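For reference, the chains in residue letters:
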Amino acid sequence: MLDNHNFSGQFDICPYIELDVNNKCRWANVMLANIAWNHCDAIAMSHTDTHRAMYCPIILGSDKTTVSVTMGHVEYHPLNTNSLSGYPEVPVIRQCPDGHYWWVIYDLMAFIADYPEQVMLMGIVQGWCPKCTASPNNPLAASGPRTGALTDQLVQLLDLKTLWDQYGINNDIIVIKGAFKDHLVTWVCSYLRLIHSESQGDAIIDDIDRQCTTESSRQYQAYILSSIAIIPPFPGLRCFPHGCHFKQWMGDDSKALMKVYLPAIVGYVPDDMVLYISAFLDTCYIACRQHLDKDSLKTFDTSFSKYLQLREVFCTTGI
């Protein structure tokens, strides 16, 4: 990618600050992020031979995929990387899009993964938080951050059962689909099956998808006009003629479904559940803006706080 001349004049060699018309900082890409500044400072202070080198942050990601051809439906978590020779102490010479050669320092800045990948990467038990040690049975209780040093210490001191039950650590593993699909959609379906019978809950889910109109679901016909499958064509909205029954969820599926899912469940679930998902969507849309400033970050914090407050509805309903 560094040798791609199509990027000439469109790449940055170091972090920088961008101000809006009101002289406020705003963030739109990795080189504008505070983490880029902090990493550069840390690298420069630790290794003086990196001064004047070009900073090249690396953002990795992985997601589960099923390989069915000749592999018998084996699940893999592929991760593609380029050679990071010299990372992070020693700069290497690379040709850049402008045709010039620069000393380049690579930095593994972030790893993007949805929850199943986080579980494996952190070596934790499914259902536990990858960032803190709070129990899934009491997520709001006081807890400390989950760090590698803490995990190593606990593994040395405690037996396997205590690690599993009290800290959510899977010692067998020690040696990001995402919140919307893996949690919210699943929780809504679980609620409908819990409040109603299994068959009636499935019928209501089909009504939301507009897959069927069975006798057991006709009592909910007043809400069918908001069903996912009959969302009318509109610029920016994707049609789902078969509802959300995907064999393989892709990132684009989740993003498109998020735009039409909220009105489709109104009337089927409690109002607080609708408000909770609405707060989640607001938080996601703010985070996905092209530019972020201090005002938008405050709005994000407000929306995220509302999201955390409203999530109790799933606890009180027994999900």
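Note that the structure is predicted; figures quoted are calculated from it, not measured.

### Comments concerning the side chain of aspartate 107
Right, so step 1: By the secondary structure assignment, aspartate 107 is in strand 6 (residues 101-112).
Right, so step 2: Of the buried charged residues, aspartate 107 lacks a salt bridge, with arginine 94 as the closest side chain of opposite charge at 15 Å.
Right, so step 3: Within the structure, the side chain of aspartate 107 is placed 2.6 Å from the side chain of histidine 39, a separation counted as a polar contact.

### Overview of the packing of aromatic side chains
Right, so step 1: Under the defined criterion, the tally for this structure stands at six aromatic pairs.
Right, so step 2: Here tyrosine 276 and tyrosine 307 contribute two aromatic rings whose centre-to-centre distance is 5.0 Å and whose plane-to-plane angle is 20°, an arrangement assigned as stacked. Taken together, the residues span a long stretch of sequence, with tyrosine 276 in helix 9 (residues 271-287) and tyrosine 307 in helix 10 (residues 294-310) at a distance of 31 residues. The residues tyrosine 276 and tyrosine 307 share a single accessibility class, namely buried.

### Observations concerning the pairing of strand 5 (residues 92-95)
Right, so step 1: For strand 5 and strand 6, the ladder comprises four bridges, and the chain directions are antiparallel. The residue of strand 6 that forms the bridge with arginine 94 is tryptophan 102.
Right, so step 2: From the end of strand 5 to the start of strand 6, which pair antiparallel, there are five residues, and glycine 99 there has a positive phi angle of about 90°.

### A word on the packing of helix 9 against helix 10
Right, so step 1: Following both chains from N to C, one finds helix 9 and helix 10 inclined at 155°, their axes separated by 8 Å at the closest point. Put simply, helix 9 runs roughly antiparallel to helix 10. Here helix 9 and helix 10 pass one another in a crossing that is left-handed. Touching Leu275, Tyr276, Ala279, Phe280, Asp282, Thr283, Ile286 and Ala287 of helix 9 are Ser296, Thr299, Phe300, Ser303, Phe304, Lys306, Tyr307 and Leu310, all from helix 10.

Parameters at a glance
- Residues numbered from 1 in each chain as written.
- Predicted model: local features only at pLDDT ≥ 70, side-chain atom pairs only at ≥ 80, totals over all residues.
- Heavy atoms only, no water.
- Helix = DSSP H or I, 4+ residues; strand = E, 2+ residues; numbered from the N terminus.
- Buried < 20%, exposed > 50% of the residue type's maximum accessible area, 1.4 Å probe, protein only.
- Lys, Arg positive; Asp, Glu negative; His and termini not counted.
- Salt bridge = Lys/Arg side-chain N within 4 Å of Asp/Glu carboxyl O.
- Polar contact = N/O pair within 3.5 Å; in protein donor to acceptor, adjacent residues only side chain to side chain.
- Phe/Tyr/Trp six-rings, centres within 6.5 Å; stacked < 30°, edge-to-face > 60°.
- Pairing = 2+ DSSP bridges.
- Axes fitted to C-alpha atoms, helices over the stretch in contact; angles between N-to-C directions.
- Parallel < 35°, antiparallel > 145°, perpendicular 65-115°, else oblique.
- Left-handed = near helix turned anticlockwise from the far one by under 90°.
- Contact = heavy atoms within 4.5 Å.

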